[in-house]
Structure formats: C-alpha cells, structure tokens
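# A look at the structure
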Amino acid sequence: MSETQNLTLVQAVRDGLHTELARDDDVVVLGQDVGKNGGVFRATEGLYNEFGDDRVVDTPLAESGIIGCAVGMAAMGMRPVPEIQFSGFMYPGYDQIVSHMSRFRTRSRSRYTLPMTLRAPYGGGIRAPEHHSESKEAFYAHEAGLTVVIPSTPRDTKGLLASAIRDPDPVVFLEPKLIYRAFREGVPEESYTIPLGEAATRREGEDVAVFTYGAMTRRTLEAAENLAEDGIECEVVDLRTISPLDREAIVSAFERTGRAAVVHEAPKSGGIAGEITAILQEEALLYQEAPVKRVAGFDVPYPLYALEDYYLPSVKRIEEGIREAAEF
Amino acid sequence: MSETQNLTLVQAVRDGLHTELARDDDVVVLGQDVGKNGGVFRATEGLYNEFGDDRVVDTPLAESGIIGCAVGMAAMGMRPVPEIQFSGFMYPGYDQIVSHMSRFRTRSRSRYTLPMTLRAPYGGGIRAPEHHSESKEAFYAHEAGLTVVIPSTPRDTKGLLASAIRDPDPVVFLEPKLIYRAFREGVPEESYTIPLGEAATRREGEDVAVFTYGAMTRRTLEAAENLAEDGIECEVVDLRTISPLDREAIVSAFERTGRAAVVHEAPKSGGIAGEITAILQEEALLYQEAPVKRVAGFDVPYPLYALEDYYLPSVKRIEEGIREAAEF
Amino acid sequence: MSVFDRAYDDPVRVLDEDGEVVGDVPDLDEETLVGVYRSMRLARHFDGRAVSLQRQGRMGTYPPLSGQEAAQIGSAFALAEDDWIVPSYREHGAAVVRGVPLKKTLLYWMGHEDGNRVPEDANVFPVAVPIASQVPHATGAAWASKLQGNDDVFLCYFGDGATSEGDFHEGLNFAGVFDTPTVFFCNNNQWAISVPRERQTRSATLAQKAAAYGFEGIQVDGMDPLAVYSVTKAAVEKARDPSEQRPRPTMIEAIQYRFGAHTTADDPTVYRDDDEVEEWKRKDPIPRLEAYLRSEGILDDDRVEEIEASVEKQVADAIDAAESVPRPDPRELFEHAYEELPPELEAQYERFVALREEHGDEAFVGE
Amino acid sequence: MSVFDRAYDDPVRVLDEDGEVVGDVPDLDEETLVGVYRSMRLARHFDGRAVSLQRQGRMGTYPPLSGQEAAQIGSAFALAEDDWIVPSYREHGAAVVRGVPLKKTLLYWMGHEDGNRVPEDANVFPVAVPIASQVPHATGAAWASKLQGNDDVFLCYFGDGATSEGDFHEGLNFAGVFDTPTVFFCNNNQWAISVPRERQTRSATLAQKAAAYGFEGIQVDGMDPLAVYSVTKAAVEKARDPSEQRPRPTMIEAIQYRFGAHTTADDPTVYRDDDEVEEWKRKDPIPRLEAYLRSEGILDDDRVEEIEASVEKQVADAIDAAESVPRPDPRELFEHAYEELPPELEAQYERFVALREEHGDEAFVGE
Ligand SMILES: Cc1ncc(C[n+]2csc(CCOP(=O)(O)OP(=O)(O)O)c2C)c(N)n1
Ligand SMILES: Cc1ncc(C[n+]2csc(CCOP(=O)(O)OP(=O)(O)O)c2C)c(N)n1
Ligand SMILES: [Mg+2]
Ligand SMILES: [Mg+2]
C-alpha cells in the first residue's frame, strides 16, 4: 500500500490532475485562470509552474471556445481537461457539449473519439453570487454519449478523476464545491483509479435506501445518524456516477428495504431523483412499500445567498423526507 | 361560433402568429429566414409582406443573438416571438435561455418580466439531416421560470400559441414537425386561447392511463385503438404543457386506471416519462397496480434517417409497452 | 471633423496625469463638473467601505471598482435622463449616478434579491453576472426602443475579457445590422481576473473589433473623466441622431486599470506585479480631476472637505440602511419565478411553510 | 511583398471571367492543373446527379455546391498530404480531393452514419451541421498538432452566415492567441439560405473581421480556382512556417455564388432574382479554367471529352456502390454512443432485439 496524504476534496482534484499530467504527456489542462493563478479554487495550484504554459493553459474568456477547442484537441488524440470556472457558466458552451462532445464518436462511427474530461465546480452553499451555485447535472445526464461524475470524498475524487481522464469517452466531472474544503481524508500518493458507473454504499441499514451524491452525501449521512437514534436504519448509497446510473446497486438496495428516498440539491422537477424513482418502480415495484421520497432543491431559480440555506436540502429536511418514506 | 378554416398544424402556427401580430403591435417575430422566405417550413409565410420588416424580421445567423435580443426587447415591454429554425439549434442560445430568459423576473423581483415565446420545430421522423430531429424538451422542463408547451393538433396549436404570446412569462413552444402537415382540423378564424398548463384527454378508457404529447399523440391513439380490439381500453392524455405539468389531470387519470404508460420520442433516461412516473408514485402509489411503462427514444444520439424508424416509438412499440402495463 | 476620425490606437485625452489640459475640454457647467468629481469620490469611498464590510463578514463576495471611476461616472454623466444603462456586475459607480441607491447595491452583494430590484424610475438593467451575456440585451432593448419610436440610447458596459465571448460578437453584430441606438462601452481594465489583456486576444486594440460590425470603434483614456465624458457624449449623440454615413452604434474602449482585486475572493499578487499597479495609480482619475477643478477655481479645500464629508455620510447611511433590512422573508424564494405559482411549486411552497411552522428556521440550517 | 499586403476589399484574381490571365499565375505543373479542372468537373457532375437522386426519392435532403467548385478545389489542392480539412456540410468537392470517396458522401445524405466515417487515411473531420461549430474544432486540432510537434495545417471551411455565430468569433480568437496553424476559409456565397450577405453583417468585407483577432484577412475571387489556390497556398505556408511579424492563422474570404438552392428543401426563387443568378453564372469557374487551359494548350476537345467520360463513370460507380449498400443493421443504433454499452443501454438493446425477433421490422414502422 502506498503512502497517503491527508487531503481536502479540492486538493485531491489538484493531486489527481498532477498525477495525470505527470503520467501522460497528452493530458492538457485548459481554462480561465487555471494557469498562473492556479484556479479560483486553487484546484490547479502549482501545475502551471511545474508543467508549463503548454500543458496548463490560461485561455481567453469563452466557454464555447474552451470546450470546442478541447473537442478538436481530443479528436487529434490528446486528453484535454477543460475547466469551466463554475458550472453555471457551462451554458455558453452547451452546444459544443451536446452537439459535439457527446456525439463525435457516434457521428464518425468511432473513427474519432473524444477522451476529454470537462471539469467544473458545482452546487451551492458557499454564499457565492448569482449563477455560482447551480446544480444542473440533469442537463448532462439526459444527453447520451456523456458520462457524468460527481464525487463526494477526496479519495474518490482522485480515483474517479483519473478514470475520467483515461476514459476513451467524454466525461463531465462536477465537483461539489460546498465540500471542497469541508474535511480531509487519506488519499494515496500513487496513481489509482475508481471505476466510473459504480455507486458506493456509505452506510448500511435495512429500513430505507437513500440515494444521493455530491455535497448532499454528508448531510444525508448525518440525517441517517439522527434517524438511527429513532430506530430508523438507512442504507446510504452515494451514486458517484450520475449517468449512466448504477442500476444494479440502486435496485438491490431497494429490494432489501422496500423504501427509498433520493436526495439532491438540484431542482426537484426533472431532476435525477425522478429518474431513480422511475427505475425503482420499473424494476422493483413488487418490493415497494412506500412512495419514493424526493428531497431536492425547489423548482425556482437558485436564490442569492441570503436565502440559500432555505433552498438547499438541510439535514432536517433530509431527515423528515426519509422519515416519511420510513413511516408511510 | 366563428368561422373555421381547415388547417394543418403548421398553418395553425402561421395563423396564430398572424392573429397575434394583428391584435398587438408589440408582437415581433424574428429569426433566420422567417421574413422574405416565410420560414423553412412556411410557418411565417406572407407575414413579412403583411406586417413589414420591422415586425417580421430576418436576423443574422446567431441563436444567442436572437434569443438575447429578444430578452432585451421583452424587458422593454415588447412581446418578441423568436424562432429557432430547428430545436437542435437552440443550444448555442442555451445560456440566454437558462441564465436570462428563465430568470429575469426572479432576478429583478418582477421589475422586469419577459413576455416572450421561443418557438422551434422539434422532433424526428421527417428524414432530416443530423441535429434536425432532436426532442430535448427535458432540457427546458428542468429550468424553473419557463413554461414548455408542445401542441399536437392544429386547433390546440393556435390557441396555445396565443396563450403563450400573451403570457406574462417566457414560454418555450416546441412544434412537432412530424405532424406539421399530417392532417387538417377545423381551426376558428377568430382569435382564441387555450390555457397553458392543462392536459387534454384524447380518449377515455379504464384500463391504462397513457400520457403523451406532440407527434406521439396520434401514434398513441392508434395503438390505443389496436389495443381496444384486444379488450384493453386506454385513457390517452395529451399533456400539451410539459412544464409545469398538469399534475391533477395526470394523477386523476391514474387513480381511475391504476396502470400507466408514458410515451415520448425523447431519450428515455432523464426524460419527462421519469418525472411523470415519480409524480404518480408520489401521489397515487396506493392506486398503482403495475410499473409505469416508459416508451421512449433510446439513450443514444438521434440517428441519421436510415434508422430513425427504429429510434422513434412506433405504434407497435407503444402498443407493446401499454400491453405490458395492462397485463402486469 | 468628428472625434471618431482617428486611429484605433490613439486614445482621446483631455487631462493628462497631472490634470493639465491636453485636449478639448467638454462644455460642462460647474455643477456638473463638481457632480462628476463628487460621484467619483462617492464611488471610491463606497468601494473601500464595501471591501471592508466583506472582510468583516458583513457582506459576501464583492467586486471592487477603484481605479475605474472615471470610466463609469464620465460615461454615465453623458446620458440624457431617459437613456438606459445595461451593466455587468462592477458598475455600481455608474448605477448610483443613474438612480440606483447604494443601499440596493449593498443589499445585492449581501445576498438579497431585492438589491437587484432596480427602482421603477431608474433606467438600469439588473446586474448581469455571466460575462458578455448582457450585450445582446442592450442591443435588443435599444432595438425595441427604436421600434417603439423612442429616441433613448442604451449604454452597455462590459470588460476586456468579455470581448472574447460569443455574446459580445453576436450582440455587436446585431446592433450593426439593425442599426440600434447602442453604445458599447468596454471597461478595459487590463485584466480578466488573472488573464492579462494580451492573452485575451491578439488584436492590437479592442476598439478595432468594431470594424467587424461595420461601425466605429474608439479608444479613450478611461482614467480621464472628461475624455470619457466627451467620447461617450459623441457616441450617444450619434446613436440618438444618426447621419447617413455614420451608423448609430459605437464601441468605446476605455483604457483603465483595476487597482484592487478582481473580487474580494481574489488575490491579485499571485498574477501581477505591484510595480504595475503603482504605475497605473499615477493615472488615478480622482486627483487628476481635482487638480483641474482646483486650477479652474471650481474646487478649493473647503469644498473638497465638504464633499468628503457628504460622501462619507451618504455611504454610512446606505450601510446603516442596508444592514437594518432584515433577512428576506424565506417565502420570497417562491415569489418571482412566475407571475402565478404553478401547482407543483405551490405544493412545494406549502410543504415549506409547514416545515418552518413545525420545526422553525433551524430546520433549514445546513449542517 | 506578400500577397497579404493589400486592402481587404481588393480580391486576389488570376483569371478573369473569360479565363484571361489578369494576375500572377501560380507555378503548377500540367498534371495538377488538369487535376484541378477534373476535380471541378467531378464536383459539378456529382452535384447534378445528387440533386436528381434526391428528386427521385433515392436520397434525402442534399446541399448543392454548383458555383462553389473553384473555392473548394482550389483550396484543397493547396494543402500538403498530411494537412487536414475541417468542413461544414457543403464541402463534398474538397472532401473528395482529400480522400473521402463520393460513395461516402452519398451514403451520408442517404441517412447512413457510415457516410460520415471518414477513411482512416483521409485527414478530414466529419461533416458539421451546426453552423460555425466546427470552427473551434479546427483551432483546437491545429493547436494540438502544434503541441504534438507536428507541422500540419488545418483548413477550416464555413459560410458567410457562419461569421455571425459566437463560435466563429471564439474559434478565431483562440487561433490568434495561441497562434495555431489554422486557415479559416469563408465560402462567402452571398446567401445564408434566404438571408443576403448585407443583412448578415454591416462590415464592408468579411475579410476585415480577421483584424479583430490580430491576424490577416484577405479576399479572393472564389470562382477563380488559380487565385484561390495561390491565396490558400500562401496562407498554408505562413501557417506551417511563420515568420516573426506574421501570425500563423489567416482568414480567407472567397467571394462566390451558390447557383442552386440552399438545399434540395429550399426554393431560392422566393428570395432572389434570376437575374442575379445569371450574372454570377458568367463567372462560372469551370469554363474559365477550361479556357485558360485550352489557351495554354493543356486541354483540347479530346482531353475534355475523356475527362467528361471518366467523371461520369466515377459518379455513376459511386451511386451504384452507395445504392447497393443495404440499409444499416438496426443494431448499429446502439453501437457508437460509448466504447462499451452501459447497462441501461444494454437492456434497451436487448429489448430492441427481442422486439425485432418477435414482431419483425414492421414493429418499427411509424404509422
Ligand atoms: C460566462 C462567464 N464565464 C466566466 C465567469 C467568471 N468570471 C467572472 S468575472 C471574470 C473575468 C471578467 O473579466 P472582464 O470581462 O475583463 O471584466 P472585469 O471583471 O475585469 O471587469 C470571469 C472569468 C463569468 N462570470 N461568466
Ligand atoms: C447553429 C445553426 N443554426 C441554424 C442552422 C440552419 N441552417 C443550415 S444552413 C444555414 C445557412 C448557412 O449559411 P452560410 O453559413 O452562409 O453557409 P451556406 O449554407 O451558404 O454554405 C442555416 C441557417 C444550422 N445548421 N445551425
Ligand atoms: Mg477586465
Ligand atoms: Mg452562405
């Protein structure tokens, strides 16, 4: 077993980028302020000095240009890792994402493939200005050809990022910035991968299966501990890959419990929770003992920060939601 | 009762635009080839001649510019009706849609509102080139602040379009081009509205509730007739407004049948069918007798036309899906 | 000869760095000149106080404007009463001139949506955070105004970084094609966060980008309030009352410098030298205008002190007022997504109200 | 003096409308000159046949290129073997020169994905339908090639309408900043479907838009194959082997005309006059080059007939070949979304296979 470092999630991003830049010359990091500045969250700190301006590239302020250039680079066999400064600014590049990034393989019948990883900090809770708190993973999950990853721990972050960068196909990698620095975890120094498409069980319990991901994972675990005091035992499943979903893990957790809740900070309507609910009743209706409870952001634009605590699922809201599923 | 004309769906679009242009000087139609050319589907035929270049405006080729200018116009109290030539080309303007069109009211606490209607032909089945057959209504339905409308008949089209244009808030109006010219219907000559947010029951039946919209409505009705021969009676509900959904109509149809299917041509994962399934089991689990069956496009990029018949839900696939829900 | 008949890289100047006249002084009365001076001081003082509020945890992330006062205030003064501004997120200086109270600006950066509810009588668009996305709005709004038969002009602000975005291009191109009464005002403060102007684009000037849209582009010393005023005024007049040869829109590149950090979340020492900052500080617009006004006998120590005091009071009052606004009612979350609450949202709202009643506001605290 | 040192509105010309020499004839051997001629005739003949296949219901919507042969073929001939093209949807003429068989092009417009599977040895990007979206790809690919230490040049095609899109702007700006070996080739055919060039932008030329990105822009008579060749060659050389003063990228505006409809779904008589079409037909590139080659003694009746026959046979063979390709196996629907089928997609696939087995292909016919 290799040495471990005690890293926060954002340090694990940096470490993961560092490892991949070091092991593969085709890896290029590009985006706004990723170079000299080291990224607005310091996710690329020091990489510019170590790998130089050709590998860690400050770009002009243009998301479609960044993603579109990365598409061209990837088509030529490089492994670009474009960063968008906040996921709320991915939309100017949306056409490149859904018309090209997701479709180059299909369009060219695999003559051209795009081994690229589009990173962005995402989600709310850090008192940031408008558009800096979005969680719109559903926009990407509905697009075939993409894999959408959202880690929730430092260790996973490094391993999933390595898998994403080495994946032959494009990955959207969304980093929950609420927990960028929330805690540390031992992260192996050496390079390792954690497979895409596999959920992780964070807590075992036989009463309710709770599916979540990203920053909501910790809140859900806390809610689960509170509920345990009342005798409600939750199985907490961290999805990690939002698309394609780990149906097997989802269904099997549900089959054991017959009750489920899904927790995400994205707006409820049209969010991932609906998809999971549909999967559950498609595959395991006969096990179902209660409605699947969705605990999610409200169907309104993400508010400015004075009210963001009311928008995001809190531990209490999660607890209440799970309790409903348990007590139905 | 006023005179009626026998119109196709695309003629009803044109008639609806005509009526609104005539009744309200603030209405402006703008987009690529909407003027002199009358639109690539002739949805704006003759309007340029009648209302002139200031009301029916050929724009440069730039979707973000079209939608962004419409946002500015609407903020000044006009009622712009931008057209995007095909819904597959709305993505270059996606940022304007989700960062501004949906959010101006919230951002300004209703000082600025956007009475604008973004139209686009959408969906597959007409042997069109790549990107011309998309059905990604879920991308818009997940965005709070927007209303998303998809008509399925000429009569509805005119009435819903009038409601959309007169609505104080932004509407995304997607027109199923597969049935642009598929059939005619008596459409009142005078101006009338059909309320947004209300589904329409197209067929009554007590065995399975089938929810659908757009071009799939006719196919679903055909499937329902076939199934009736086997003694399976479907209630077919045409959603018409995809977001916000008519929960009441959806739930009440389900309560009567206990079985449901949802039919749409958009990809299955992350599509509207998942959301409807989630609503049903949230609100009416105790009525549920079978898994809600999703009959949808596959989770792959829309193919070029040689295979599109295999991609789109066919009458048979719909029939089989409903049958599964009926016979579970 | 028009002020626009000059090379792209020949910025218009009126005052030099010491406040000496080196160009055509615009014809402004004393009151207006003092108004410009006072507004710049107000913006500067507000800025310092806002930064320290943020440091003290009394406000969220805030984007400072020090160094950029001349560009904002000089341009805002060039507008007629019914003209409009379409800002990005850094134009609090222009906004206050155009009728947005400082209290609103503070509230906005304190995370209250109400801060972005521009007063009905102020012709100001809401703050736009996604870079360059307000540019097409300015074109569309100006176009609407023209279609409605008005003669209002729309002044749109954006940064040097914004010129790289597609929306900049599309917005200016539409303005050219539809000949809209829009003035595109680029606050070239040399940096887009850590990305220097030369890395943003290889074009020698930003002003020359206007050529791509068939209208005029011009550089101005953006730290010279009188030069900014003159150029903006000329552009506004042309937009309002165009002649045959000259299209209405103009792009102004105002050369300036942001003295402080990009936002309070940014540490500029990581990417730029103090020397550079010091060099630009020599161009500080405030002492420049003050020197000129003193030399003209329009300002003296007393008047300056009086202005100082009134500016300090105005800012202090605004801070008091903003800080005494209670946290918005949480129910406001639901109030402005649509004119009427759709049923699902209403259900969410009711559940929300019930949860608050049952568990109190603690139910909504994160962890 | 470089060919680039000229006014934006002064197009490079070599042959006049009658094929008389009016400029510097590029130094090309007979074989190449005949190659250019033959390729233009091939493109023209292919085009006519493709349109009639569509009319007969044997092919879907197709975008004709007649009138635009010189631009496509002259430019494609200017590339070295390992250089690349990044096309839009109308460059079948360039593509065939660069190694994409006509059969592939036919298959593509017949709705087979396989038509877009560019042969491994052809350095051609797939057809890009969303306007201008291929422009950043060309910049990124050229940038990658430069980072990888290669000296290949990337020739990117797009239309006049494409210059209005944000992606055009962003792609060219990145090319300027990162000095990528990209040649941006604008096929200004005067129309974007029904929107005329003057409505697309108010800039006097499209070539001058290059100034916004700090590199050179130049107009060329796009219906003069030798002029196109010369200008493209110069741009390619500069991209491959830049000097200090001249950045690598170039934007070429090739002035030309689309004789036919925008696509077979379009009726141009609604928006443009026949007179205009007739006027431009006098500039037809094929008779022009033929006249020149005849006057040089390189072509005579026999040679022309021989070329005609071989071109006809090549197109007929391609049509036969394309039409004898069976409809793609429906299972191909699932094959190229990801390298490996994810579980849900695999389940969909299996259900699909089962349905076909049970009900046959009729189960998938719409109504
Ligand atoms: C579309 C978009 N991308 C990225 C950002 C993040 N961001 C905020 S300000 C900024 C730099 C802006 O630079 P410039 O346009 O020069 O304006 P300045 O801040 O210097 O006034 C960036 C990258 C954003 N707000 N919007
Ligand atoms: C992003 C986008 N918007 C709209 C369209 C529809 N469309 C196809 S071709 C075309 C006109 C293109 O004009 P131009 O760029 O001049 O190229 P040309 O067809 O004349 O070669 C339009 C609007 C599209 N394909 N992509
Ligand atoms: Mg700047
Ligand atoms: Mg064209």
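Everything quoted here is computed from the prediction, not taken from an experiment.

## Describing the site of ligand 1
Inspection of the region around ligand 1 gives 20 residues, with E63 of chain A together with Y89, R90, D160 and G161 of chain C positioned closest. Around ligand 1, the neighbouring residues derive from chains A and C rather than from a single chain. Measuring from an oxygen atom of ligand 1, one finds a side-chain N or O atom of Y89 of chain C at 2.6 Å. A distance of 3.0 Å separates an oxygen atom of ligand 1 from a polar atom in the backbone of A162 of chain C.

## What about the interface of chain A and chain C?
Taken together, the contact between chain A and chain C spans 46 residues of the former and 50 residues of the latter. For the chain A and chain C pair, buried surface summed over both sides reaches about 3900 Å², with 58% attributable to carbon and sulfur atoms. Sorting the residues of chain A by area buried against chain C places L61, L304 and Y310 of chain A first, and these three jointly supply 19% of that buried surface. For the pair chain A and chain C, the number of links is three salt bridges. Among the ionic pairs, E344 of chain C bridges to K268 of chain A, the shortest N-O distance being 3.1 Å.

## Side note on the interface of chain B and chain D
Taken together, the contacts link 46 residues of chain B with 50 residues of chain D. For the pair chain B and chain D, the two sides together bury roughly 3900 Å², of which 58% comes from carbon and sulfur. One can count three salt bridges joining chain B with chain D. For the salt bridge of R199 of chain D with D53 of chain B, the shortest nitrogen-to-oxygen distance reads 3.1 Å. At the junction of chain B with chain D, the criterion picks out 16 residue pairs in polar contact (both at pLDDT 80 or more). If you list the elements that add at least two residues to the side of chain B that touches chain D, you get β3 (56-58), α8 (216-229), α11 (308-311) and α12 (315-327) of chain B. Considering every element that reaches the side of chain B that touches chain D, the biggest residue donor is α12 of chain B, with five residues. Grouping the amino acids of the side of chain B that touches chain D by side-chain chemistry returns 20 nonpolar, seven polar and 19 charged.

## Examining helix α6 (residues 166-178) of chain C
Residue and element names in this part refer to chain C. Relative to the 18 Å expected for 13 residues at 1.5 Å per residue, α6 spans 18 Å between its end C-alpha atoms, a close match to the ideal helical length. With 13 of its 13 residues buried, α6 lies for the most part within the structure. Immediately beyond the C-terminal end of α6, within one or two residues, lies D179, with a positive phi of roughly 50°.

## Describing the sheet that holds strand β9 (residues 200-203) of chain A
Residue and element names in this part refer to chain A. Read across the open sheet, the five strands follow the order β9-β11-β10-β13-β14; overall the sheet is mixed. Bordering the open sheet on either side are β9 and β14 (293-297), each of which pairs with just one other strand. Taken pair by pair, the neighbouring strands of this sheet meet at an average axis angle of 25°, ignoring direction. Examined bridge by bridge, strand β13 (residues 260-267) and β14 share four bridges and lie parallel to one another. Within the sheet, the bridge partner assigned to A261 lies in β14 and is K293. Contacts from helix α10 (residues 272-284) reach β10 (208-212), β13 and β14 within the one sheet, and its direction differs from that of β13 by about 155°.

## A look at the site of ligand 2
As a structural note, the neighbourhood of ligand 2 is formed by 20 residues, with E63 of chain B together with Y89, R90, D160 and G161 of chain D the closest of them. Among the chains of the assembly, those with residues near ligand 2 are chains B and D. D160 of chain D has a polar side-chain atom sitting 2.6 Å from an oxygen atom of ligand 2. The backbone of G161 of chain D places a nitrogen or oxygen atom 2.8 Å from an oxygen atom of ligand 2. Here ligand 2 has 580 Å² of accessible area as a free molecule, and 96% of this is covered by the chains. Class assignment of the residues belonging to the shell around ligand 2 gives a composition of 10 nonpolar, six polar and four charged.

## Digging into the coordination of the magnesium ion (ligand 4)
Residue and element names in this part refer to chain D. Within the protein, D160 (OD), N189 (OD1) and W191 (O) serve as the donor atoms for the magnesium ion (ligand 4), at 2.0 to 2.1 Å. Look at where the donors of the magnesium ion (ligand 4) fall in the sequence and you get D-x28-N-x1-W. Judged on exposure class, the residue N189 and its partner W191 are both buried.

## Examining the side chain of S243 of chain A
Residue and element names in this part refer to chain A. Within the element layout of this structure, S243 appears in strand β12 (residues 241-243). Exposure remark for S243: the relative accessible area of 10% places this residue in the buried category. Side-chain polar atoms of S243 contact the backbone oxygen of A141, separated by 3.4 Å. Beyond its immediate stretch of four places on either side in the chain, S243 contacts A141, L146, T147 and V148.

## A word on the domain arrangement of chain C
Taken as a whole, chain C is organised into domain 1 (30-323) and domain 2 (332-364). Taking the mean C-alpha position of each, domain 1 of chain C and domain 2 of chain C sit 38 Å from one another.

## Some details on the pairing of strand β4 (residues 79-83) of chain A
All names here are of chain A. Where burial is concerned, most of β4 is hidden: four out of the five residues are buried. With five bridges connecting them, strand β2 (residues 27-31) and β4 associate as parallel partners. Looking at the pairing, G31 lines up with E83 of β4.

## Quick notes on the packing of helix α3 (residues 63-75) of chain A against helix α5 (residues 134-147) of chain D
Two elements in contact, α3 of chain A and α5 of chain D, have axes whose closest approach is 6 Å; the angle formed by their N-to-C orientations is 55°. Between α3 of chain A and α5 of chain D, the angle is such that the two are oblique. Judged by the twist between their axes, the crossing of α3 of chain A over α5 of chain D is right-handed. Along the contact surface, α3 of chain A presents S64, G65, G68, C69, V71, G72 and M73 of chain A, while α5 of chain D presents P136, H137, T139, G140, A141, W143, A144 and L147 of chain D. Considering only residue class, the contact of α3 of chain A with α5 of chain D consists of eight nonpolar, seven polar and no charged.

## Considering the packing of aromatic side chains
A ring pair, where both rings are aromatic, is described by two values, the distance of the centres and the angle of the planes. All names here are of chain C. Taken as a whole, this structure holds 69 aromatic pairs over all chains when the rule is applied. Both rings, one in F168 and one in Y213, keep their centres 6.2 Å apart while their planes meet at 85°; by these two values the pair is edge-to-face. In this pair, F168 sits in helix α6 while Y213 sits in the loop between α7 (197-200) and β6 (216-221), placing the two residues 45 residues apart along the sequence. F168 sits in the buried class, given a relative accessible area of 0%. Over the ring of W280 we find K283, and its NZ or CZ is 5.4 Å from the ring centre.

## Digging into the environment of R79 of chain A
Residues and elements named next belong to chain A. Residue placement: R79 occurs in strand β4. Separated by 89 residues in sequence, R79 and P168 have C-alpha atoms that sit 9.1 Å apart. There is a polar contact of 3.3 Å between the side chain of R79 and the backbone oxygen of R166.

## Side note on the pattern of salt bridges
Under the defined criterion, the tally for this structure stands at 122 salt bridges over all chains. Residue E20 of chain A is joined to R23 of chain A by a salt bridge in which the shortest nitrogen-to-oxygen separation is 3.3 Å. You can see E20 of chain A and its partner R23 of chain A sitting in helix α1 (residues 9-23), three residues apart, about one turn around the helix. Note on E20 of chain A: relative accessible area 1%, which makes it buried. Exposure remark for R23 of chain A: the relative accessible area of 46% places this residue in the partly exposed category. One salt bridge connects K268 of chain B with E282 of chain A, and the closest N-O pair in it is separated by 3.1 Å. In this pair, K268 of chain B is assigned in the loop between β13 (260-267) and α10 (272-284) and E282 of chain A in helix α10, connecting two distinct chains. Among the residues examined, K268 of chain B registers a relative accessible area of 13% and is labelled buried. Within the structure, one salt-bridge network assembled from shared partners comprises R247, E275, E282 and E283 of chain A, K268 and R294 of chain B together with E344 of chain D.

Here is what the cut-offs are and how they apply
Residues numbered from 1 in each chain as written. Chains lettered and ligands numbered in written order. Predicted model: local features only at pLDDT ≥ 70, side-chain atom pairs only at ≥ 80, totals over all residues. Heavy atoms only, no water. Near = heavy atom within 4 Å. Polar contact = N/O pair within 3.5 Å; in protein donor to acceptor, adjacent residues only side chain to side chain. Contact = heavy atoms within 4.5 Å. Buried area = accessible area lost by both parts, 1.4 Å probe. Salt bridge = Lys/Arg side-chain N within 4 Å of Asp/Glu carboxyl O. Helix = DSSP H or I, 4+ residues; strand = E, 2+ residues; numbered from the N terminus. Nonpolar A, V, L, I, M, F, W, Y, C, P; charged D, E, K, R; others polar. Expected span 1.5 Å × (residues − 1). Buried < 20%, exposed > 50% of the residue type's maximum accessible area, 1.4 Å probe, protein only. Pairing = 2+ DSSP bridges. Axes fitted to C-alpha atoms, helices over the stretch in contact; angles between N-to-C directions. Areas by Shrake-Rupley, 256 points an atom, 1.4 Å probe, with all protein chains shown as cover. Donors = N, O, S within 2.8 Å, 3.2 Å for Na, K, Ca; no water. Domains from an automatic or database assignment. Parallel < 35°, antiparallel > 145°, perpendicular 65-115°, else oblique. Left-handed = near helix turned anticlockwise from the far one by under 90°. Phe/Tyr/Trp six-rings, centres within 6.5 Å; stacked < 30°, edge-to-face > 60°. Lys NZ or Arg CZ within 6 Å of the ring centre and 35° of its normal.

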